[in-house]
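Structural overview
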Amino acid sequence: MNSSESVKGGFDHFAYYVNSFVGIFGFLSNAFIVAVLSNSTSLKGKHYIFLKNLAVSDCLASAILFLNALIPSIRTPTGAVSSYYLLANLACSMKANNPLYAAFTNSAVIISVISVERLIAVKFPIFYKKSFGKKLCYIFVIFPWSYSSAFFALSNHFSFTIKDGYCYQNWNNFYLGVINAINYYLMQLILPVFCYSIIAFDISQRITKSNSGKKNANKIISKAQAKITKMLFIVTVIFIVTTFPDNVHFNFFLLILNVQLWSFESVIHQILLLLAMINILINIFIYPIIDSDFKRAVIKMLSRMVFKKK
């Protein structure tokens, strides 16, 4: 075995163990978040519905990561024409078209939807209070799943193929790069930054009018909305910080410019990949820190589980 094969084998083992760990722990932790949000009577705000939607999406993303550790092992001998080849085709087809893959895009879209919801709540409080009911709320919940499913179906059309019995994804594809760039840059970065910039500007304008003593100055922002906006802003920032560096390299340099700054086997790539995966694991620790209501709900559920076992 030469050095390149040794490095590739080491990377495959690394990816296998990381995907397995993130898949299992990510699924369990986000399933726990869903359970807390579903069973707590104190967590009934609209923003908790979006956070539950995000947790479900991360659950499915975790399942995908775990499947990624298993599916690459399904192959057929080179040149063989047998039932095993049909199995390889089926596995590759599932890898390319499985609806679970929408979860990766779905998380980014949910973050953007949360940002739009916050913009409406702060910028147009009267409309939000009167018109943003459950029906509109569930439209905001369903939209990311519909969008991401259609988006990934188109994305996968340009990527997965079988070569020598293996299921490959062809990353060096300009159209795939454009599709993913639109999705991740527009949905993950531009739209949230735009929404929170408008929110910050609007609040600053209200503060200025309030300090100037104008009678028709709008109320700056309610304590409840300020608390919710702060919490969701922190969630959005963490999501962007953890996932954006890998997207810059993958979606811009590799797919669009066809420039690979570092190999998939490199330490830098592995670190960026790990950073992106941390986003799936971190919410179970972040929510109790930034939301006291969620922390109390977690403690209540854990104590109920412990005493129920006794």
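Just so it is clear, the model here is predicted, and its values are computed rather than measured. (Residues numbered from 1 in each chain as written. Predicted model: local features only at pLDDT ≥ 70, side-chain atom pairs only at ≥ 80, totals over all residues. Heavy atoms only, no water.)

So, on to the overall build of the chain. Regarding its fold elements, the chain presents ten helices and two strands. Taken from N to C terminus, the helices and strands of the chain fall in the order α-α-α-α-α-α-β-β-α-α-α-α. Carbon and sulfur atoms form 69% of the exposed surface of the chain, whose accessible area is close to 16,900 Å². (Helix = DSSP H or I, 4+ residues; strand = E, 2+ residues; numbered from the N terminus. Areas by Shrake-Rupley, 256 points an atom, 1.4 Å probe, with all protein chains shown as cover.)

Note on placement: Met 277 falls in helix H9 (residues 267-290). Accessibility expressed as a relative area gives 8% for Met 277, which makes it buried. Sequence separation of Met 277 and Gly 26 is 251 residues, and the distance between their C-alpha atoms is 9.1 Å. (Buried < 20%, exposed > 50% of the residue type's maximum accessible area, 1.4 Å probe, protein only.)

Counted according to the given criterion, the structure contains eight aromatic pairs. Seen from their ring centres, Phe 25 and Phe 285 are 6.4 Å apart, and the 15 degrees between their planes marks the pair as stacked. One end of the pair, Phe 25, is in helix H1 (residues 3-39); the other, Phe 285, is in helix H9, with 260 residues separating them in the sequence. Centre to centre, the rings of Phe 143 and Tyr 147 are 5.8 Å apart; their planes meet at 35 degrees, and the pair counts as tilted. Taken as a pair, Phe 143 and Tyr 147 lie in helix H6 (residues 134-157) at a separation of four residues, close to a single helical turn. Three or more aromatic residues link up through ring pairs in this structure, and these residues are Phe 50, Tyr 128, Phe 132 and Phe 140. (Phe/Tyr/Trp six-rings, centres within 6.5 Å; stacked < 30°, edge-to-face > 60°.)

Bringing a nonpolar patch on the surface into the picture now. A contiguous nonpolar patch, built from Ile 24, Phe 27, Leu 28 and Phe 66 and spanning about 370 Å² of accessible area, is present on the exposed surface. Here the element with the most residues in the nonpolar patch is H1; it accounts for three residues. Mapped onto the secondary structure, Ile 24 falls in helix H1. Judged by its relative accessible area of 47%, Ile 24 falls in the partly exposed class. (Patch = residues over 30% accessible without salt bridge, like charges linked within 9 Å, V, L, I, M, F, W, Y side chains within 5 Å. Salt bridge = Lys/Arg side-chain N within 4 Å of Asp/Glu carboxyl O.)

Attention shifts here to the confidence of the model for the chain. When the pLDDT values of the chain are averaged, the result is 75; 67% of them are 70 or greater. Counting interchain partners and residues more than four positions distant, the pLDDT-below-50 stretch residues 1-11 has seven contacts. The model gives residues 73-84 a pLDDT under 50, and that stretch makes 13 contacts with residues more than four places away or in other chains. (pLDDT = per-residue confidence, 0-100. Contact = heavy atoms within 4.5 Å.)

For the rest of this paragraph, the subject is the environment of Gln 188. Counting through the fold element by element, Gln 188 comes out in helix H7 (residues 174-212). Taking the C-alpha atoms as reference points, Gln 188 and Ala 108, separated by 80 residues in sequence, lie 5.2 Å from one another.

In this section: the nonpolar core. Formed by 44 residues in total, the largest nonpolar core has its most connected members in Val 36, Phe 50, Leu 51, Tyr 287 and Phe 294. Taken together, the elements giving at least two residues each to this core come down to H1, helix H2 (46-70), helix H4 (102-123), H6, H7, helix H8 (223-254), H9 and helix H10 (292-309). Of all the elements, H4 adds the most residues to this core, at ten residues. Once you skip the residues sitting within four places of it in the chain, Phe 50 turns out to touch Ile 110, Val 113, Ile 114, Glu 117, Phe 132, Cys 137, Phe 140 and Val 141. Listed in part, the nine residues of the second largest apolar core include Val 18, Ile 64, Leu 65 and Leu 281. (Core = buried A, V, L, I, M, F, W, Y, C linked by side-chain atoms within 4.5 Å.)

Within the secondary structure layout, Ser 115 lies in helix H4. A sequence separation of 76 residues divides Ser 115 from Leu 191, and the C-alpha atoms of the two residues are 7.6 Å apart. When neighbours within four sequence positions are excluded, Ser 115 is seen to be in contact with Pro 192, Cys 195, Tyr 196 and Thr 236. A distance of 2.9 Å separates a polar atom in the side chain of Ser 115 from the backbone oxygen of Ile 111. (Polar contact = N/O pair within 3.5 Å; in protein donor to acceptor, adjacent residues only side chain to side chain.)

Let us look at the side chain of Asn 106. Structurally, Asn 106 can be placed in helix H4. You can call Asn 106 buried: its relative accessible area is 0%. When sequence neighbours within four positions are dropped, the list of residues in contact with Asn 106 reads Ser 57, Pro 144, Trp 145 and Ser 148.

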